[in-house]
Amino acid sequence: MLLSWLAFPLLLLVLCTGCGLLVRRLAGIDLPLPLVAPLGFTVVILLGELISIDSAIAELAAPLAVSVAIAGFIVGRPAWSGRFETWAVAAALAVFAVYAAPIVFSGEPTFSGYIKLDDTATWLALTDRITDHGRDLSNLAPSTYEATLRFNLGSGYPIGAFTPLASVSSILGRDPAWTFQPYLATMAALLALCLYQLSAGLVRRPPLRAAVAFLAAQPALLFGYYLWGGVKEVAAALLFALLAASLPAAVSPRRLTWRAAIPPALTAAAILAVLTAAGAAVWLLPMLALAALAVAIRQGSVAMLRRLLLVGGLALLVSLPWLLDAGLLPRESGALTDPGELGNLIGPLSGWQAVGIWPAGDFRVHPSDTVATVVLIAVAIFAALVGLHRIWGRRALAAGAFVVALLVGAAVLTAVGSPWVGGKSLATASVAVLFVACLGAVVLWERGMRVEGGILLGLIAVGVLWSNALAYREEFVAPFSRLSELERVGHEIAGQGPTLMTEYEPYGARHFLRDADPEGASELRRRLVPLRSGGSLETGATADIDEFALEGLLPYRTLVLRRSPVASRPPLPFQLTEAGDSYEVWQVDESPAPLEHLSLEGPGEVPTATPSCDTIRELASRPGIVHLAASTRPAPIVIPIAQLTLPGDWPVGGGGSYATPETPGIAEGSFSVPSRGSYGVWLGGSSRGDVEIEIDGTPVGTGGPELDHAGEYRQLGELALAPGRHTIALTYSDPSPLAPGGGGERFALGPLVVSAATAAAAKVDLVSPSQAESLCGRPLDWIEALPY
């Protein structure tokens, strides 16, 4: 946790500060101290973007950023001038704490948005690649990882938002999955610094500036996208605020040298690196045009207009190498303009969400408290009008350009882009709307209307913090222990692909197993993995290994399979090499492939069945058969939740196999075991709260909140049981009201499974065709006809 949430942000801030000091010195201007680290962030972006163009030097991005930062601390020391902005730092730290809370309070260095949206798996794949190979896609074997990269990097997808994450994670030797959320939170803190500076000249008192920056940096829609892994939305909001804040120094009549244009030019170039060129232009052009108009009115100087042209020219010059490769839009850009493209939205988002207040745990739905929502949004809009009046009255170029450009950009993208793109643009623009609303409230305070201003600011704060508290309660936290096991497995099987995953786990197929040429059977893939029933898995689906046709499995050298009490043993060419808490690794040995594989399965989820003697004899009579192999294992005891006595408010689903606990309670029942032995107790489904299992009144095991895809199980404990009947009780407890992810949508639990063995413990019996009848009457997992 400390490495992710302390070392990573500190190292990133040190790099950004050093790089910012160097630019400040080169520009020859007295750049305000709150903008130094955000400006250095653009340098880290651009260094990584430029280095990534050539795969031969892609690994130098991190060392180069460190070198530039060191140079900045050396030559930039005399540039440290002015009073230390304590309140700016306080605002940034407070914003970082708000963004960090949903993960830090989970107790694990994980990330959010799991199951809700799998885009973060793609962002991690891009980060992996650019760390060592830049945009180069050569020498990649066909896999889900390769297909993900080729679909994105190969089509010119912008990667600027990922280069600082890649550089700092590589320095720390930390997988970017565990630094991804701290990275986003650090960008939010840098955004607060820029907003603090934007309020300078409009708000006299530093504490009030800090209040504006603290609230404006966390509008509900942006915070909601943050919890979905919205890296580009947070980065864009930061960079646009920085660009606006750096414009006044660039166009000041007291600074006529071209060097003053460096900070906004670098920021504009970073925006082009983070967004598509066409998308960035929608925001950049209004901002630069407004700045040009303001300069022309105030100064009447052609030289000032030339300065703005210089800003744009320098930005294009820096951006030219990757713009020539990527083009104006990614080559696979149909979804950006398709009016029917919702992505993961339910429908187009409401334009009112740009105000920054939306008290709903899921920003895709309307708040349940409509009256309070309307009142709070109306208050914020009124305050925003006051704030706009102050900006106009002070002729505040920076704040005015920021607000107008983001509103115009969001309006254009919402009108011409898909609902998915429109939602993202509203998230970015919401920072500007909330900024000017908070500004209006503190302006009233400073004018002596302290009661009115305090009420306005208090209501805005209530709306923002209420909205984000609800989002915090409905967060989807990724299971750290299970995914960290995948990370370890990925290191161990590196170079031993191709690898197949039969569960839907995009973080495995796109990221953690990347060095083993992984493919997900229901993911973006290069090979069709046929089912025995015909066809292939739909996207997001999971199937048991025995549901796949043998010929579809044989191209793979390694299988990474979820441990499950109802999973079949893989076909005989595959042998178990490792069994962890959540995953088993199976690899092909040198044996010839079976001539035929006969899958058997019982009712429900039972993986064994008793074949008829006629079926066995027919298989044994096939030509070329030397042995029959039979996979044997004790049949698991599947206990559908509906068989238990349930609390009244636990609705049952799935034909009685699972129930959804709406309230804390206990489900009780009984089951029988056929023989003495050690039995594992497993629970299917996901849980927002804690679960505990007791058998015969003895605690067996507990489990905390954990999210999972459909059809998967987790083992809660193990105990020895005598033959006969036993009682079982499943206790569900709601999480603490302060726990992240403890509210919102309830998940189904079930079934319960009591099992003496998993696929890893299955035995394989070999018999000659003449002894085939010895298999009659036995429950078997499968039978194979072997040529040896």
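Residues numbered from 1 in each chain as written. Predicted model: local features only at pLDDT ≥ 70, side-chain atom pairs only at ≥ 80, totals over all residues. Heavy atoms only, no water.

The next subject is the nonpolar core. In terms of nonpolar packing, the biggest core is built from 186 residues, with L195, F240, F402 and I460 touching the most fellow members. Aside from chain neighbours lying at most four places away, what touches F240 is I271, L275, W283, L284, M287, F402, L406 and T428. Formed by 25 residues, the second largest nonpolar core is a distinct cluster that contains I695, Y732, L749 and V754. (Core = buried A, V, L, I, M, F, W, Y, C linked by side-chain atoms within 4.5 Å. Buried < 20%, exposed > 50% of the residue type's maximum accessible area, 1.4 Å probe, protein only. Contact = heavy atoms within 4.5 Å.)

Looking now at the packing of helix α9 (residues 206-216) against helix α18 (residues 419-446). Where α9 meets α18, the axes come as close as 8 Å, and the angle between the chain directions of the two elements is 155 degrees. The orientation of α9 relative to α18 falls into the category roughly antiparallel. Every pair of crossing elements has a handedness; the one defined by α9 and α18 is right-handed. Residue-level inspection shows L208, V212, L215 and A216 of α9 in contact with α18, the latter providing V431, L434, F435, C438, L439, V442, W445 and E446. Grouping the amino acids of the contact of α9 with α18 by side-chain chemistry returns eleven nonpolar, no polar and one charged. (Axes fitted to C-alpha atoms, helices over the stretch in contact; angles between N-to-C directions. Helix = DSSP H or I, 4+ residues; strand = E, 2+ residues; numbered from the N terminus. Parallel < 35°, antiparallel > 145°, perpendicular 65-115°, else oblique. Left-handed = near helix turned anticlockwise from the far one by under 90°. Nonpolar A, V, L, I, M, F, W, Y, C, P; charged D, E, K, R; others polar.)

Let us look at the sheet that holds strand β7 (residues 627-632). Overall, antiparallel pairing links the four strands, which are arranged β6-β19-β7-β18 in an open sheet. At either margin of the open sheet sits one strand with a lone partner, and together these are β6 (596-599) and β18 (763-767). Looking at each pair of strands side by side, their axes are set apart by 20 degrees on average, direction ignored. As paired strands, β6 and strand β19 (residues 782-786) are joined by four bridges and run antiparallel to one another. By the bridge assignment for β19, H597 is matched with E784. (Pairing = 2+ DSSP bridges.)

Okay, unusual backbone geometry next. Phi is mostly negative for residues that are not glycine, and the peptide bonds are mostly trans. Of note, the bond from G497 into P498 is cis; its omega dihedral lies within 30 degrees of zero at 5 degrees. Residue position: P498 is located in the loop between α20 (480-492) and β1 (499-501). Cis peptide bonds are those with omega within 30 degrees of zero, and the linkage from G750 to P751 qualifies with -5 degrees. Within the element layout of this structure, P751 appears in strand β17 (residues 749-755). Positive phi, close to 75 degrees, is recorded for I115, a residue that is not glycine. Counting through the fold element by element, I115 comes out in the loop between α4 (86-104) and α5 (119-132). Although it is not a glycine, N139 adopts a positive phi angle of roughly 65 degrees. In this structure N139 comes out as exposed when scored by relative accessible area, which is 80%.

Let's shift gears to the pattern of salt bridges. Proximity of charged atoms lets side chains of opposite charge pair with each other. Counted according to the given criterion, the structure contains 24 salt bridges. Here E146 makes a salt bridge to R526, at a shortest N to O gap of 2.8 Å. With a gap of 380 residues between them, E146 in helix α6 (residues 144-152) and R526 in the loop between β2 (518-520) and α22 (550-553) connect regions that are remote in the sequence. Given the relative accessible area of 5%, E146 is considered buried. Classification of R526 by relative accessible area gives partly exposed; the value is 43%. (Salt bridge = Lys/Arg side-chain N within 4 Å of Asp/Glu carboxyl O.)

This part is about the environment of S582. Mapped onto the elements, S582 comes out in the loop between β4 (574-579) and β5 (583-588). For S582, a relative accessible area of 15% gives the class buried. In contact with S582, not counting residues within four places along its chain, are R482, E485, L561, R562 and R563.

Let's shift gears to the sheet that holds strand β16 (residues 724-733). Either a parallel or an antiparallel arrangement is found when strands of a sheet pair, and the pairing is made through backbone hydrogen bonds. Read across the open sheet, the four strands follow the order β11-β16-β13-β14; overall the sheet is antiparallel. Each edge of the open sheet is held by one strand with a lone partner, namely β11 (665-673) and β14 (698-703). Neighbour-to-neighbour, the strand axes of this sheet turn through a mean angle of 20 degrees, independent of strand direction. One ladder, built from six bridges, connects strand β13 (residues 690-695) with β16; its direction is antiparallel. If you follow E694 over to β16, its bridge partner there is A729.

Residues at a pLDDT of 70 or more form 93% of the chain, whose mean pLDDT is 90. By mean pLDDT, helix α15 (residues 334-337) is the weakest element of the chain at 59, and helix α8 (residues 180-198) is the strongest at 98. (pLDDT = per-residue confidence, 0-100.)

Another point: the environment of L752. You can see L752 is positioned in strand β17. Residue class for L752 comes out buried when judged on its relative accessible area of 0%. Sequence-wise, L752 and A609 are 143 residues apart; in three dimensions their C-alpha atoms are separated by 20 Å. When neighbours within four sequence positions are excluded, L752 is seen to be in contact with I637, V638, I639, I641, L644, W682, L683, I693, I728 and L730.

Attention shifts here to the side chain of E505. Mapped onto the elements of the fold, E505 is located in the loop between β1 and α21 (506-512). No salt bridge is formed by the buried E505, whose closest oppositely charged neighbour, R482, lies at an N-O distance of 4.1 Å. (Lys, Arg positive; Asp, Glu negative; His and termini not counted.)

As a further point, take the state of the cysteines. Two cysteines form a disulfide when their sulfur atoms are joined by a covalent bond. Tallied over the full model, the rule gives one disulfide. Disulfide pairing places C613 opposite C776 at an S-S distance of 2.2 Å. Of this pair, C613 sits in helix α23 (residues 613-620) while C776 sits in the loop between β18 and β19, and the two are 163 residues apart along the sequence. With a relative accessible area of 18%, C776 lands in the buried category. Residue C16 stays outside any disulfide, its sulfur separated by 6.8 Å from that of C19, the closest cysteine. (Disulfide = S-S within 2.5 Å.)

Let us look at the packing of aromatic side chains. In the structure shown here, the tally under the stated rule is 21 aromatic pairs. Between Y114 and Y507, the aromatic rings sit 5.9 Å apart at their centres with planes inclined by 35 degrees, giving tilted as the arrangement. Taken together, the residues span a long stretch of sequence, with Y114 in the loop between α4 and α5 and Y507 in helix α21 at a distance of 393 residues. Look at W123 and Y157: their rings are 5.7 Å apart centre to centre, the planes differ by 25 degrees, and that puts the pair in the stacked class. In this pair, W123 is assigned in helix α5 and Y157 in the loop between α6 and α7 (163-172), connecting sequence segments 34 residues apart. Across the pair, exposure class does not vary: W123 and Y157 are buried alike. A network of ring pairs unites the aromatic residues F111, Y114, W178, F480, Y507 and F512 as a single cluster. Here R688 stacks its cationic end above the ring of F476, 4.6 Å away from the centre of that ring. (Phe/Tyr/Trp six-rings, centres within 6.5 Å; stacked < 30°, edge-to-face > 60°. Lys NZ or Arg CZ within 6 Å of the ring centre and 35° of its normal.)

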